[in-house]
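# Structural characterization, general
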Number of protein chains: 2
Amino acid sequence: MRDAYVVGAGQTAFGSFPEESYRSLFATAFDRAMAAADGLGPADIDEAVVGTLGVGGRQLGLSAPAVTEHVGLSVPTTRVENACAASGYAVRNAVQAVKSGMADVVLAGGYEVMTDASGDATKYWLGVSGETEWERLTGTTFAGTYAQMASAYFDEYDADVDDLSRAAVKNHANGAQNPHAQLGFECSLEDASDAATVADPLTLYHCCPTSDGAAAVLVASEEVAESMDAARVAGVGAGSDRVGLFERDTYTSIPASERAADAAYEMADCGPDEIDLAEVHDCFAIAELLAYEDLGFCEPGEAPELLREGVTDADGDLPVNVSGGLKSKGHPIGATGAGQIAELWKQLTGNAGDRQVEGVERGLAHNVGGSGGAAVVTILEGEA
Amino acid sequence: MRDAYVVGAGQTAFGSFPEESYRSLFATAFDRAMAAADGLGPADIDEAVVGTLGVGGRQLGLSAPAVTEHVGLSVPTTRVENACAASGYAVRNAVQAVKSGMADVVLAGGYEVMTDASGDATKYWLGVSGETEWERLTGTTFAGTYAQMASAYFDEYDADVDDLSRAAVKNHANGAQNPHAQLGFECSLEDASDAATVADPLTLYHCCPTSDGAAAVLVASEEVAESMDAARVAGVGAGSDRVGLFERDTYTSIPASERAADAAYEMADCGPDEIDLAEVHDCFAIAELLAYEDLGFCEPGEAPELLREGVTDADGDLPVNVSGGLKSKGHPIGATGAGQIAELWKQLTGNAGDRQVEGVERGLAHNVGGSGGAAVVTILEGEA
C-alpha cells in the first residue's frame, strides 16, 4: 500500500457571493490549489473527485463533470455526496485512487451555493440530509436535531448553554484571523448565550451560517510529492450509521465519528494524544463538544472542561478549528471537508500565514454528514 | 497494485414496482449478491459504494447510508452520482478501494425508483443530467439530445432508421430470455421502425423505458476470491467531457466513451478484438451504434453493418447486450452500471442460466452518464 500526500490546497472565501456561480467558485479554489502545488500543472491531474450536495437550481446530475469541464479537465471525474461530509469523502476516495496505483495525482474538492435560497427553501436545503420520512417531512430542521443532542447532553452531564457558547466564542476569535471566514468577527460569551433562540437550547451563535464556497485539494503519490510542500495522509477512516437520530442508541455521541476516528487512528498508528491540531465539524456548537469526546480528545462529559480551560484555544495544547470552523469560517456543504483539509495542509507546511500554529506535526480533520449518518476522519503528518 | 475480483452479484427485476421502496429494492439486490457470493457474509464487507441519481421524493442527502443501514451495515458508505453511470463508477471506486489495500471486500451497487413520476416529472427526471442552462431549461429532453446524435449519424454515414431498429429488435430478443427484463417481449423490425415518433428520428422502440430497480456487486481481493466464483477486474477506465452535447466537437461519437475504453484496454492489456461479450449503454438505439465504434468493435460508420450481419446477436461473434440492454431489460438510472457488471459476472462464471453464452473469457461493460458527460468501461476476465 503506497503512501498518499496532500501536495497543495486552496479555497475561496466562504460567504454570500451572488455575483459568483458554482463553476466560478470551483475554478477559484482549483486555481489556488494549483498555485499552491508548486511544479504541478493541470495536465498532471489523472482524475478528479468532487463533493457537493447539489440541491437547488444548478446542475443536478453530472454536477462534478460540470465543474471540472469548466477548469479544462476531461479526466475521470466522480461526484461524491455524503451530505455535509461530501468532500471529506472525496478526499478519502482520492487517497484510495493514489494508493491503488491507478492515479498519481488526484484533484479532490467540493463546492456549494446556498445563499440564493431563503426562508423555507433554506430549511429545505439543510433538511434534505436529515432522515426523510420521520424527520424532514415532519418538520424537524437540522438545528432541531442538534438541539435534541444538546438537551440530552445537558441532561446527562454537567454542562449548560455557556459551554456551547465557549465553542462559538473561540471559533469566532479564530475566524477573525482568517481572511476566508464568512463571519470573521469576534463575539463575547454574552453575545452567544443571550442571542435569539433558534432551537432551544441553541441560539443563533450556536449555529453555523449558510454559505457559498469551494475548496480543492491535490492528493499525490510519494514520487510526485518528493520535491513539494507535502503532508502525508497518515490515516483516513470513515463510518456510517442510521440516518435518523431517533433510530440511534445515543444522542450524546455520534457513533459514526467514533468509527471513523478508530479507523483513522489505526491506519495512522497513533492515538488522539498525538494529534497537535484539529479541524472538527462544528455545524452546531454541541457538535464540537461531541467531537472532542468521539475523537478521544477527552472522556465523555469532559468536553466543557476542555473549553473552560482553553485547551482547544489557538494557543492551547490542542488547538481546534483555528480556521474559525464551520461556525465562523462558514459551511458551504460540499466544500467543508476539503476546506478543513486545506487548512491542515497550510498549517502542516507552514503556509498558514498570520494564524500559523507552531510545532504542528500531526493534524486531524473531522467531517460529519447530516446528524451523523456518515463521518470521515483524516490524519495528516508534516515535517514540523 | 493488487488485483480485484468480482465475487458475486445480483439484481432485482427491473420494472415498475409501486409496492416496493428504494430500500426494499436495494435489499433484494444485496441479498441476491450475498447469496451468489458463496462463503461471504455481511460481516465480511469492509465498505460500500452506492450509485444513485436520487432525484425525487426519497432520501436526498445521505442516500447511500439510507440503504446500507437498511441491510444492517454501518461500514464506510459513499454515494457516487454520475447520472446514468452512477453505479459503473461505484464499481470503479470499489476496485480502487480493494487495490489500495484499504479494503478486502467492498459492496458496490445502485438503485433508482423512477416510475412514481409521470408526465412532465418523468421528463424532469431524465433531463436533470443534461446540461442545465442550455439544454434542460430550454426544454431539450434526453430523447431530443440523442435524436440529434442519430440525425448527425444519418447525415454522415450510410444508415437509416432500420439500423436503429435492428439494435432494438436484437435487444428485445435477448431480453425475452431474461426474467429480470422490464420489457421482456420480442419485437419486429416493423414494430420498431413504424412505432410512434418520440424525437425524430427516434421512435418509441428506440428509447429505453423508465424503471425501478437495484443491483449489487461484491468486489474483493485475490485472497478472498480464491475459493469463489470470481471474475478478475482486468481493467477499468473512465473519462469525462463537456456535459452539454452542443459544446462538443462531434455528435457522432461520445469522446468520454473512447477515453474510458482506451484506459480500460490499456489497464487490461488487451484490445477490442479480444472481447468476447459486452453490455453497452443503449439508453437510445443510436447509443448502441456509437458504442460499437467508440469501443473499437468496428470503424466509424460501420456499426450498422455489425447489426445487419448479426455479429452482435446472442449467437454472433461478439454478443452485445445479451441481458436485453437498457432497452429491454430496463434502465433504473443508478442501478444500470452495477446491473451490467452483474450480467458479466454471471456470464463469466457460468451462472447465466438459460442465456449463458459459451466460451466467454473476457467481458466488457460500458456505462454512460447523461449524453456523454461521463463514461466508464470495465473489463472482467473469467476462466471460461
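A quick note: this is a predicted structure, and the numbers were derived from the prediction, not measured. (Residues numbered from 1 in each chain as written. Chains lettered and ligands numbered in written order. Predicted model: local features only at pLDDT ≥ 70, side-chain atom pairs only at ≥ 80, totals over all residues. Heavy atoms only, no water.)

### Brief notes about the overall build of chain A
Across its full length, chain A carries 13 helices and eleven strands. Rg of the C-alpha trace for chain A: 19 Å, near the compact-globule value of 21 Å for 384 residues, within the 12% margin. Considering only C-alpha atoms, chain A reaches an extent of 55 × 45 × 35 Å along its principal axes. In chain A, buried positions account for 67% of the 384 residues. Contacts spanning at least 24 positions in sequence make up 77% of the contacts within chain A whose residues lie at least 6 apart. Side chains of chain A carry 21 positive and 61 negative charges; the gap between the two charge centres is 6 Å. (Helix = DSSP H or I, 4+ residues; strand = E, 2+ residues; numbered from the N terminus. Rg over C-alpha atoms; globule rule 2.2 N^0.38 Å. Buried < 20%, exposed > 50% of the residue type's maximum accessible area, 1.4 Å probe, protein only. Contact = heavy atoms within 4.5 Å. Lys, Arg positive; Asp, Glu negative; His and termini not counted. Charge placed at Lys NZ, Arg CZ, Asp CG, Glu CD.)

### Concerning the relation of the copies chain A and chain B
Each copy superposes on the other: chain A lies on chain B with an RMSD of 0.0 Å after a rotation of 180° and an axial shift of 0.0 Å. On the angle and the small slide along the axis, the relation comes out as a two-fold axis. Within chain A, the C-alpha atom positioned nearest to the axis of rotation is that of Ser100 of chain A, 1.9 Å from it. A share of 100% of interface residues in chain A that are also interface residues in chain B marks the association as one of identical surfaces. (Least-squares fit on C-alpha atoms with pLDDT ≥ 70 in both.)

### Brief notes about the pairing of strand β3 (residues 77-81) of chain A
Side chains on a regular strand alternate between the two faces of the sheet. Along β3 of chain A, five of the five residues are buried, which leaves the element largely enclosed by surrounding structure. Residues Thr77, Arg79 and Glu81 of chain A of β3 of chain A are buried on one face, and the alternating residues Thr78 and Val80 of chain A, pointing to the opposite face, are buried as well. Sheet analysis places strand β2 (residues 47-51) of chain A next to β3 of chain A, joined by four bridges and oriented parallel. If you follow Val49 of chain A over to β3 of chain A, its bridge partner there is Thr78 of chain A. Note that β3 of chain A and strand β3 (residues 77-81) of chain B share three bridges and pair antiparallel. Across the sheet, Val80 of chain A pairs through a bridge with Val80 of chain B, a residue of β3 of chain B. (Pairing = 2+ DSSP bridges.)

### A few points about the UniProt feature "domain: Thiolase C-terminal" (unreviewed entry) in chain A
Here the UniProt feature "domain: Thiolase C-terminal" (unreviewed entry) sits at residues 238-381 of chain A. Between the end C-alpha atoms of residues 238-381 of chain A there is a gap of 18 Å, over a span that is 35% helix and 15% strand. (UniProt positions renumbered as here; feature names shortened; annotations may be inferred.)

### What about a negative patch on the surface?
A grouping of Asp158, Asp160, Glu299, Glu302, Glu305 and Glu309 of chain A is seen on the molecular surface, where their side chains present a negatively charged patch. Along the chain, Glu309 of chain A turns up in the loop between α11 (303-308) and α12 (325-329). (Patch = residues over 30% accessible without salt bridge, like charges linked within 9 Å, V, L, I, M, F, W, Y side chains within 5 Å. Areas by Shrake-Rupley, 256 points an atom, 1.4 Å probe, with all protein chains shown as cover. Salt bridge = Lys/Arg side-chain N within 4 Å of Asp/Glu carboxyl O.)

### Topic: the confidence of the model for chain A
This prediction gives chain A a mean pLDDT of 95; 97% of its residues lie at or above 70. Model confidence for the complex: the whole-complex pTM is 0.97, and ipTM, which rates the interface, is 0.96. (pLDDT = per-residue confidence, 0-100.)

### Details of the interface of chain A and chain B
When the parts come together, some accessible area is lost, and that loss is often what is quoted as the size of the interface. Facing the 57 residues of chain A at the interface are 57 residues of chain B. Between chain A and chain B, roughly 4200 Å² of surface is buried when both sides are summed, and carbon and sulfur atoms account for 49% of that area. Per-residue buried area on chain A facing chain B is highest for Leu62, Glu69 and Met102 of chain A; these three make up 16% of the total on that side. In this assembly, chain A and chain B are joined by eight salt bridges. As a salt-bridge pair, Arg242 of chain B and Glu69 of chain A come within 3.5 Å of each other at their nearest N and O atoms. (Buried area = accessible area lost by both parts, 1.4 Å probe.)

### Quick word on helix α3 (residues 86-99) of chain A
Residues and elements named next belong to chain A. For α3, spanning 14 residues, the distance from its first C-alpha to its last is 20 Å, which sits close to the expected 20 Å at 1.5 Å a residue. Within α3, 14 of the 14 residues are buried, which leaves the element mostly enclosed by the surrounding structure. A positive phi of about 85° marks Gly101, the residue just after α3. (Expected span 1.5 Å × (residues − 1).)

### Quick look at the packing of helix α5 (residues 142-156) of chain A against helix α10 (residues 285-294) of chain A
Residues and elements named next belong to chain A. At a minimum axis separation of 9 Å, α5 and α10 run at an interaxial angle of 60°. As the angle between them shows, α5 and α10 are arranged oblique. In this structure, α5 crosses over α10, and the sense of that crossing is left-handed. Between α5 and α10, the contacting residues are Tyr146, Met149, Ala150 and Tyr153 on the first element and Ile286, Ala287, Leu289, Leu290 and Glu293 on the second. (Axes fitted to C-alpha atoms, helices over the stretch in contact; angles between N-to-C directions. Parallel < 35°, antiparallel > 145°, perpendicular 65-115°, else oblique. Left-handed = near helix turned anticlockwise from the far one by under 90°.)

### Comments concerning the pairing of β2 of chain A
Residue and element names in this part refer to chain A. Most of β2 sits inside the fold, with five of its five residues counted as buried. Of the two faces of β2, the one holding Glu47, Val49 and Gly51 and the one holding Ala48 and Val50 are both buried throughout. In this structure, β2 lies alongside strand β4 (residues 105-112), joined through five bridges in parallel fashion. Each residue of the ladder has a partner; that of Val49, found in β4, is Ala108.

### Here's the deal with the environment of Ser129 of chain B
Counting through the fold element by element, Ser129 of chain B comes out in the loop between α4 (120-127) and α5 (142-156). Each C-alpha atom, one on Ser129 of chain B and one on Ala168 of chain B, is 23 Å from the other, the two residues being 39 residues apart in sequence. Other than its neighbours up to four places away in sequence, Ser129 of chain B contacts Gln59, Gly61 and Leu62 of chain A together with Leu53, Ala83, Phe142, Val243 and Gly370 of chain B.

### Comments concerning the side chain of Ser211 of chain A
All names here are of chain A. With respect to the helices and strands, the residue Ser211 is situated in the loop between β6 (202-203) and β7 (213-221). On the basis of relative accessible area, Ser211 is assigned to the buried category, the value being 0%. A polar contact is formed between the side chain of Ser211 and the side chain of Gln182, at a distance of 2.5 Å. Separated by 2.8 Å, the side chain of Ser211 and the backbone nitrogen of His331 make a polar contact. Excluding anything up to four places from it in sequence, Ser211 contacts Gly15, Glu112, Val113, Met114, Thr115, Gln182, Gly330, His331 and Pro332. (Polar contact = N/O pair within 3.5 Å; in protein donor to acceptor, adjacent residues only side chain to side chain.)

### Digging into the packing of aromatic side chains
Under the counting rule described, the total for this entry stands at ten aromatic pairs over all chains. Taking 6.5 Å as the distance between ring centres and 80° as the angle between the ring planes, the aromatic pair formed by Phe26 of chain B and Tyr111 of chain B counts as edge-to-face. Taken together, the residues span a long stretch of sequence, with Phe26 of chain B in helix α1 (residues 22-36) and Tyr111 of chain B in strand β4 (residues 105-112) at a distance of 85 residues. Taking relative accessible area as the criterion, Phe26 of chain B reaches 0% and is therefore assigned buried. What makes Tyr111 of chain B buried here is its relative accessible area of 3%. Taken together, the ring pairs connect Tyr22, Phe26 and Tyr111 of chain A into an aromatic cluster. (Phe/Tyr/Trp six-rings, centres within 6.5 Å; stacked < 30°, edge-to-face > 60°.)

### A word on the packing of helix α3 (residues 86-99) of chain B against helix α13 (residues 336-348) of chain B
Residue and element names in this part refer to chain B. As a packed pair, α3 and α13 sit with axes 5 Å apart at the nearest point and diverge in direction by 65°. Of the residues in α13, those touching α3 at Ser87, Gly88 and Val91 are Thr336, Gly337, Ala338 and Ile341. Within the contact of α3 with α13, the residues separate by chemical class into three nonpolar, four polar and no charged. (Nonpolar A, V, L, I, M, F, W, Y, C, P; charged D, E, K, R; others polar.)

### Looking at unusual backbone geometry
All names here are of chain A. Of note, the amide linkage connecting Asp200 to Pro201 takes the cis form, showing an omega dihedral of 10°. For Pro201, the location among the structural elements is in the loop between β5 (197-199) and β6. Residues other than glycine seldom take positive phi values, yet Asp269 does so here, at roughly 50°. Along the polypeptide, Asp269 turns up in the loop between α9 (255-268) and β9 (277-279). What makes Asp269 exposed here is its relative accessible area of 69%. Positive phi, normally seen in glycine, also occurs at Asn321, with a value near 60°. When its relative accessible area of 0% is taken as the criterion, Asn321 is described as buried.

### Here we look at helix α10 (residues 285-294) of chain B
Along an α-helix, a turn takes 3.6 residues, which lines up residues three or four apart on a common side. Residue and element names in this part refer to chain B. For α10, the buried fraction is high: ten of the ten residues fall into the buried class. Among the residues of α10, those classed as buried are Ala285, Ile286, Ala287, Glu288, Leu289, Leu290, Ala291, Tyr292, Glu293 and Asp294. At its buried positions, α10 is contacted by α5, α6 (161-175), α9 (255-268), α11 (303-308) and β10 (362-369).

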